[in-house]
Every structure is written in C-alpha cells, then in structure tokens.
Amino acid sequence: QVQLVESGGGLVQAGGSLALSCAASGNIFSIRSMAWYRQAPGKQRELVAVITSGTSTNYADSVKGRFTISRDNAKNTVYLQMNSLKPEDTAVYYCNAVLRRNYGSAWSNYWGQGTQVTVSS
C-alpha cells in the first residue's frame, strides 16, 4: 500500500505565501517524479510543477517565478513554496508521485487526497 499525505493548505490574502508538503509512505521501491497539480471549481486538473528524482523541474507558465518545487529524496517528500499568491491560485492542490513498488514492476501514478488553498483578494 502507498499513501501520499499532503499538508499546509489554508487561507491567505493576495500577495501572501503558503507552503505545501507531501510525504509518500508505504511499499515504495523507487520514485521517478513528484508533482503538484491543482483543480479549481469548474475547471480541469492542471499541472502546477513537477520535479524528477534529480533536480529537474518544470512549472506551469502561470506560476513561474512565484512557486518553487523541491524534494527530499531521503524522506520521499515533495514541497511547494508558493509566494505572491493571487486569487486565481485558489484551488484544491493534489500531490502526485510516479513510482514503482518493486524492482521490475511498472511505474504507476499515485495521488494524495488534496488540500485546499484559498487566496482572498
């Protein structure tokens, strides 16, 4: 069994900051990448940022320069530092990991339960 547990969401005023974290636990052999997605009401889930097992990162254009993704491989944990938040950043943020549970097994997607981020104007 694999679990992704997120923390750190909440309510913040525009221009403020929030930090999210997500810890993966359970039967994990290797994690290829970890990412944050978000879904606003009435919209599709979208990629916010992704980080590979090394240091390669990629960001949505809408958050470049404001959000920073980082990862602690020893703790199987990914972080998202969000600065200069805007009302349009309001969404449920989901943690994602692409991992395999055993040597030779297929890479699979796992998701956290989501954490609400609300930015007031």
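Right above here is the structure, for reference.
Just so you know, these numbers come straight off a predicted model, no measurement behind them.

Draft legend 1. The state of the cysteines, seen in detail. Taken as a whole and assessed by the stated rule, the structure comprises one disulfide. Here Cys-22 pairs with Cys-95 through a disulfide, and the sulfurs are 2.1 Å apart. With the S-S bond torsion at -80°, the cross-link from Cys-22 to Cys-95 turns out left-handed. Here Cys-22 is found in strand 3 (residues 18–26), whereas its partner Cys-95 is found in strand 9 (residues 91–100), with 73 residues between them in sequence. Judged by its relative accessible area of 0%, Cys-22 is buried.

Draft legend 2. Geometry of the pattern of salt bridges. Going through the model one piece at a time under the given rule, you end up with four salt bridges. The salt bridge involving Arg-38 is made with Glu-46; its shortest N-O contact spans 2.7 Å. Between Asp-89 and Arg-38 there is a salt bridge; the shortest N-O distance is 3.0 Å. With Asp-89 in the loop between strand 8 (77–82) and strand 9 and Arg-38 in strand 4 (residues 30–39), this pair connects stretches of sequence that are 51 residues apart. Asp-89 sits in the buried class, given a relative accessible area of 0%. Of the residues examined, Arg-38 reaches a relative accessible area of 6% and is grouped as buried. Put simply, Arg-38, Glu-46, Arg-66 and Asp-89 are held in one network by salt bridges that share partners.

What counts, and where the lines are drawn
- Here the residue index of a chain counts from 1 through its sequence in written order.
- For this predicted model, a pLDDT threshold of at least 70 governs which residues receive local features, and a threshold of 80 or more governs which side-chain atom pairs are given and counted, while totals over whole chains, interfaces and linings are taken from all residues.
- The side-chain values count all of the structure's non-hydrogen atoms but skip hydrogen atoms and water molecules.
- Cysteine sulfur atoms that pair up within 2.5 Å are treated as a disulfide.
- Here a strand is any run of E in DSSP of at least two residues, a helix any run of H or I of at least four, and the numbering for each starts at the N terminus.
- We call a residue buried when its accessible area falls under 20% of the maximum for its residue type, exposed when it is over 50%, and partly exposed in between, using a 1.4 Å probe and counting protein chains only.
- Only one rule defines a salt bridge in this text: a Lys or Arg side-chain nitrogen within 4 Å of an Asp or Glu carboxyl oxygen.

From the geometry alone we can't say anything about function, so treat these as descriptive.
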